[in-house]
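Fold and geometry: a report
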Amino acid sequence: GAVVSQHPSWVICKSGTSVKIECRSLDFQATTMFWYRQFPKQSLMLMATSNEGSKATYEQGVEKDKFLINHASLTLSTLTVTSAHPEDSSFYICSARDLAGGTYEQYFGPGTRLTVT
Amino acid sequence: QKEVEQNSGPLSVPEGAIASLNCTYSDRGSQSFFWYRQYSGKSPELIMFIYSNGDKEDGRFTAQLNKASQYVSLLIRDSQPSDSATYLCAVKRDPGRRALTFGSGTRLQVQP
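A brief structural summary. (Residues numbered from 1 in each chain as written. Chains lettered and ligands numbered in written order. Predicted model: local features only at pLDDT ≥ 70, side-chain atom pairs only at ≥ 80, totals over all residues. Heavy atoms only, no water.)

**Focus on the sheet that holds strand β1 (residues 4-7) of chain A**
Residue and element names in this part refer to chain A.
- In space, the four strands of this open sheet follow the order β1-β3-β8-β7, with antiparallel pairing throughout. The sheet is open, and its two borders are formed by β1 and β7 (67-73), each paired with just one other strand. Averaged over all adjacent pairs, the angle separating strand axes in this sheet is 15°, with direction ignored.
- Relative to strand β3 (residues 19-25), β1 runs antiparallel, the two sharing four bridges. If you follow Val-4 over to β3, its bridge partner there is Ser-25. (Pairing = 2+ DSSP bridges. Helix = DSSP H or I, 4+ residues; strand = E, 2+ residues; numbered from the N terminus. Axes fitted to C-alpha atoms, helices over the stretch in contact; angles between N-to-C directions.)

This is the structure:
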């Protein structure tokens, strides 16, 4: 099956610093990747849709200048949390659609747990 | 009204019983429906997807879709303790939107 990886799996950073999270599709090409955020005991909330070679589409309420998304290739998207604050502490999960897939299935990465102190 | 609604649970069933998980959605234009299982601290994993009204079976799992009632359910037969997790219902709303909208999830506990 299709595999999506994320790096790092967890990160602790100080308030005010920036953190970059990578999402890679390992055995397929993905023109579209999605970034979700999940707070404890809550569901996944879509933050943005990342399109290869173009600007990301952000959901309402998500600051695009704070959450920078780059989708430079068909296998890599990055999310940078700039000037992180404790309220940004969350579980960040990416997913990707297989370019050649005939279904609407999305493959999820294992997630990155961010803790801002 | 939330776009995708689920009872948060916990739903507790004895081992070997049938677990029934329910989900309703508000957008009649929704076209595809997914059930994900999420263990604590892990990302979701796809169990089943369904597009057409009726039932779809895969092993111990059966997804049921009723578009007229805007209702989708997941039945787990012969529930096992390893099935204990949070089950997320997700909906793809229309052709122009490729992202999934998730419900808040139902926590299932299978008692040995």
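Picking up after the structure, the text goes on.
**With respect to the side chain of B:Arg37**
- The topology assignment puts B:Arg37 in strand β4 (residues 32-38).
- Here B:Arg37 is in contact with B:Ser43, B:Pro44, B:Glu45, B:Ile47, B:Phe61, B:Asp83, B:Ala85, B:Thr86 and B:Tyr87, once residues within four sequence places are set aside. (Contact = heavy atoms within 4.5 Å.)

**Section: the sheet that holds strand β8 (residues 71-76) of chain B**
Residue and element names in this part refer to chain B.
- If you walk across this open sheet you meet the five strands as β1-β3-β8-β7-β6, and the pairing is antiparallel. Edge positions in the open sheet fall to β1 (4-5) and β6 (54-58), since each of these has one partner strand only.
- Taken together, the six bridges between strand β3 (residues 19-25) and β8 define a ladder with antiparallel strand orientation. Looking at the pairing, Ala-19 lines up with Ile-76 of β8.

**Considerations on the state of the cysteines**
All names here are of chain A.
- Applying the stated criterion to the full structure yields two disulfides over all chains.
- With a sulfur-sulfur separation of 2.0 Å, Cys-23 is cross-linked through a disulfide to Cys-94. Looking down the S-S bond of the Cys-23 and Cys-94 bridge, the torsion is 80°, so its handedness is right-handed. Of this pair, Cys-23 sits in strand β3 while Cys-94 sits in strand β9 (residues 90-97), placing them 71 residues apart in sequence.
- For Cys-94, a relative accessible area of 0% puts it in the buried group. (Disulfide = S-S within 2.5 Å. Buried < 20%, exposed > 50% of the residue type's maximum accessible area, 1.4 Å probe, protein only.)

**Structural notes on the interface of chain A and chain B**
- At the junction of the two partners, chain A supplies 22 residues and chain B supplies 21 residues.
- Buried surface at the junction of chain A and chain B, both sides included, amounts to about 1600 Å², of which 56% is carbon and sulfur.
- In this structure, the connection of chain A to chain B is made through zero salt bridges.
- Connecting chain A to chain B are four residue pairs in polar contact (both at pLDDT 80 or more).
- Mapped by element, the contributors of at least two residues to the side of chain A that touches chain B are β4 (32-38), β5 (45-51), β9 and β10 (106-108) of chain A.
- Along the lines of polarity and charge, the residues of the side of chain A that touches chain B split into nine nonpolar, nine polar and four charged. (Buried area = accessible area lost by both parts, 1.4 Å probe. Salt bridge = Lys/Arg side-chain N within 4 Å of Asp/Glu carboxyl O. Polar contact = N/O pair within 3.5 Å; in protein donor to acceptor, adjacent residues only side chain to side chain. Nonpolar A, V, L, I, M, F, W, Y, C, P; charged D, E, K, R; others polar.)

**Looking at the packing of aromatic side chains**
- Within this structure, the stated rule accounts for ten aromatic pairs over all chains.
- Relative to B:Phe102, the ring of A:Tyr36 has its centre 5.5 Å away and its plane inclined at 90°; by these criteria the two rings are edge-to-face. Of this pair, A:Tyr36 sits in strand β4 while B:Phe102 sits in strand β10 (residues 97-102), placing the two residues on different chains. Each member of the pair, A:Tyr36 together with B:Phe102, is buried.
- Aromatic pair B:Phe34 and B:Phe49: ring centres 6.2 Å apart, planes at 45°, arrangement tilted. Of this pair, B:Phe34 sits in strand β4 while B:Phe49 sits in strand β5 (residues 45-50); the two residues are 15 residues apart in sequence, bridging distant segments of the chain. In this pair, the class of B:Phe34 matches that of B:Phe49, namely buried.
- Clustering of aromatic rings is evident, with ring pairs tying together A:Tyr36, A:Phe108, B:Phe34, B:Tyr36, B:Phe49, B:Tyr51 and B:Phe102.
- Across from the ring centre of A:Phe67, 5.9 Å away, lies the NZ or CZ of A:Lys66, which sits over that ring.
- Lying across the ring of B:Phe61, B:Arg60 places its NZ or CZ 5.4 Å from the centre. (Phe/Tyr/Trp six-rings, centres within 6.5 Å; stacked < 30°, edge-to-face > 60°. Lys NZ or Arg CZ within 6 Å of the ring centre and 35° of its normal.)

Take it as geometry only, folks, not as evidence of what the structure does.
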